[in-house]
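Listed below, chain by chain, are the residues.
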Amino acid sequence: MTRVGVLGAAGRMGLSIARVATEEGVKIVAAVDRNRPGDDFGEAAGIGRLDVPISSDLAVLQDVEVVVDFSLPDAADALFRECKVPIVTGTTGLSAEATQARDDAATRIPVVAAPNYSQGVTVLFHLAAEAARLLGEGFDAEVVEMHHRRKVDAPSGTAVRLAECVAEVRGLTPVHGRSGQVGARPASEIGVLALRGGDVVGEHTLFLAGLGERLELTHRATDRHLFARGALRAARWIGGRSPGLYDMSDVMGLR
Ligand code: NAD
């Protein structure tokens, strides 16, 4: 069993990691958060006692096999500077300094970093690039995403990356939304559109629209635990790797 420590333990993702770990052959042995210090991690996550107290001290992560980090940029930055064991990090919005600290850490230890730990999205990126390459210029590429009404940024980072996967292969320019007399669609663009409503966890579709036919590649997230499942897959994978910066494509053997 991989022995994992969690940074950001009291947050939404940290608690999800605790819940999913038992299904995934992963043993939680340490938990760090500035919130809920002293609370038992398992009880905080509603899965019963784990006998792992939430600590505010990063030092409790020294003796774990892998640290899984879903915290906030400042906490992740401190982790990257201090940690001596492999890290799986999902924290987003890193500053330039924190990104540099992560890259420096990856010269000493293995680090998996991914803005989206969904296994399905990781495969979608690869399929999107391959489909766009195979179908070529006769097929117009468009990306549509939908998320719940509380999401404050648009389009999603995943939609941006999906559009990039196609744009890199086909040399296209992303266009975010269209309104007014925009004229006929140039072949050189890829449209990206964001829908918002209800409690939609996250949906992304790539359209490749040709004459007389259309290919659609869709990923639907129905449950936030999917990110924890992907991160814990990375945690099981990272043991014994050489120092370096990896992502979910490495974890899933897609490179
Ligand atoms: P959250 O706000 O619910 O949890 C963050 C936790 O980190 C909080 O409990 C907070 O107390 C703790 N924390 C912050 N600073 C700390 C510090 N200095 N020391 C100790 N603990 C500290 O957020 P969340 O929804 O769980 O998301 C966490 C991060 O993961 C965000 O950056 C989010 O964007 C990212 N995220 C990534 C993925 C992915 O697949 N890569 C998926 C979901 C969320």
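To keep things clear, this report deals only with the structure shown in the data block. (Residues numbered from 1 in each chain as written. Predicted model: local features only at pLDDT ≥ 70, side-chain atom pairs only at ≥ 80, totals over all residues. Heavy atoms only, no water.)

### Things to note about the packing of aromatic side chains
We count it as follows: Two aromatic rings from Phe, Tyr or Trp, using only the six-membered ring of Trp, form a pair when their centres are within 6.5 Å; if the ring planes differ by under 30 degrees the pair is stacked, by over 60 it is edge-to-face, and anything between is tilted. Think of it this way: any DSSP run of H or I at least four residues long counts as a helix, any run of E at least two long counts as a strand, and we number them from the N terminus. Think of it in three bands: with a 1.4 Å probe and only protein chains considered, a residue is buried below 20% of the maximum accessible area for its type, exposed above 50%, and partly exposed in between.
Applying the stated criterion to the full structure yields 2 aromatic pairs. Geometrically, the ring pair formed by Phe 70 and Tyr 117 is edge-to-face, given 5.8 Å between the ring centres and 70 degrees between the ring planes. Of this pair, Phe 70 sits in the loop between β4 (66-69) and α3 (73-82) while Tyr 117 sits in the loop between β6 (110-113) and α5 (119-135), and the two are 47 residues apart along the sequence. On the basis of relative accessibility, which here comes to 14%, the residue Phe 70 falls in the buried class. With a relative accessible area of 2%, Tyr 117 lands in the buried category. When the ring of Trp 237 is compared with that of Tyr 246, the centres are 5.1 Å apart and the planes differ by 80 degrees; the resulting orientation is edge-to-face. For Tyr 246, a relative accessible area of 18% puts it in the buried group.

### Quick notes on α5
Our working definition: A helix is expected to reach a length of 1.5 Å times the quantity of its residues less one. The contact criterion used is simple: two residues touch if any of their non-hydrogen atoms lie within 4.5 Å. A 3.5 Å cut-off defines polar contacts: any pair of N or O atoms within that distance qualifies, except that in protein one atom must be a possible hydrogen donor and the other a possible acceptor, and neighbouring residues in sequence count only when both atoms are side-chain atoms.
Relative to the 24 Å expected for 17 residues at 1.5 Å per residue, α5 spans 24 Å between its end C-alpha atoms, a close match to the ideal helical length. Within α5, the full set of buried residues consists of Val 121, Thr 122, Leu 124, Phe 125, Ala 128, Ala 131 and Ala 132. For α5, the elements touching its buried residues are α6 (157-170), β10 (202-209), β11 (214-221) and α8 (248-251). One side-chain oxygen of the residue at the start of α5 lies 3.2 Å from the amide nitrogen of Gly 120, identifying that residue as Ser 118.

### Regarding the pattern of salt bridges
Our working rule: For this document, the term salt bridge refers to a Lys or Arg side-chain nitrogen within 4 Å of an Asp or Glu carboxyl oxygen.
In this structure the tally under the stated criterion is 21 salt bridges. With its nearest N and O atoms 3.1 Å apart, the salt bridge here joins Asp 103 to Arg 102. Arg 196 is paired through a salt bridge with Glu 145; the nearest N and O atoms lie 2.7 Å apart. Of this pair, Arg 196 sits in strand β9 (residues 189-196) while Glu 145 sits in strand β7 (residues 140-147), placing them 51 residues apart in sequence. If you follow the salt bridges from partner to partner, you end up with Asp 140, Glu 142, Arg 178, Arg 185 and Glu 189 in one network.

### Quick notes on the sheet that holds strand β1 (residues 2-7)
Convention followed: We treat two strands as partners when DSSP finds at least two bridges between them. Every axis corresponds to a line fitted to the C-alpha atoms, with the helix fit spanning only the stretch in contact, and the corresponding angles, defined between N-to-C directions, vary from 0 to 180 degrees.
Read across the sheet, 7 strands follow the order β3-β2-β1-β4-β5-β6-β12 without closing on themselves; strand pairing throughout is parallel. The sheet is open, and its two edges are formed by β3 (54-55) and β12 (244-246), each paired on a single side. Alignment of β4 against strand β5 (residues 87-89), held across 3 bridges, turns out to be parallel. What sits directly across from Asp 69, in β5, is Thr 89. Sheet strands touched by helix α1 (residues 12-21): β1, β2 (26-32) and β4. Its angle to β2, the strand with the most contacts, is close to 155 degrees.

### Regarding the sheet that holds β9
Working definition: the strands of a sheet are paired by backbone hydrogen bonds and lie parallel or antiparallel to each other. Here 5 strands make up an open sheet; going across it, the order is β8-β9-β7-β10-β11 and the pairing mixed. Each edge of the sheet is formed by a strand with only one pairing partner; in this case those strands are β8 (173-176) and β11. Across this sheet, the average inter-strand angle for adjacent strands is 20 degrees, counted without regard to direction. Both β7 and β10 contribute to a ladder of 7 bridges, which runs antiparallel. Its bridge partner lying in β10, Ala 141 is registered against Leu 208. Across the face of the sheet, α6 comes into contact with β7, β9 and β10 while running at roughly 25 degrees to β10.

### Here we look at the packing of α5 against α6
The criterion, for reference: Relative orientations are named as follows: roughly parallel for angles under 35 degrees, roughly antiparallel for angles over 145 degrees, roughly perpendicular for angles from 65 to 115 degrees, and oblique for any other angle. Crossing handedness is defined as follows: a turn of the near helix away from the far one that is anticlockwise and smaller than a right angle gives a left-handed crossing, while the clockwise case is right-handed. For this classification, Asp, Glu, Lys and Arg are treated as charged, while Ala, Val, Leu, Ile, Met, Phe, Trp, Tyr, Cys and Pro are nonpolar and the rest, including Gly, are polar.
Contact geometry for α5 and α6: axes closest at 8 Å, N-to-C directions at 30 degrees. Viewed along their axes, α5 and α6 adopt a mutual orientation that is roughly parallel. The interaxial crossing formed by α5 with α6 has right-handed handedness. Contacts between α5 and α6 involve Val 121, Leu 124, Phe 125, Ala 128, Ala 129, Ala 132 and Arg 133 from the first element and Thr 158, Arg 161, Leu 162, Cys 165, Val 166, Val 169 and Arg 170 from the second. Taken together, the residues that form the contact of α5 with α6 break down as 10 nonpolar, 1 polar and 3 charged.

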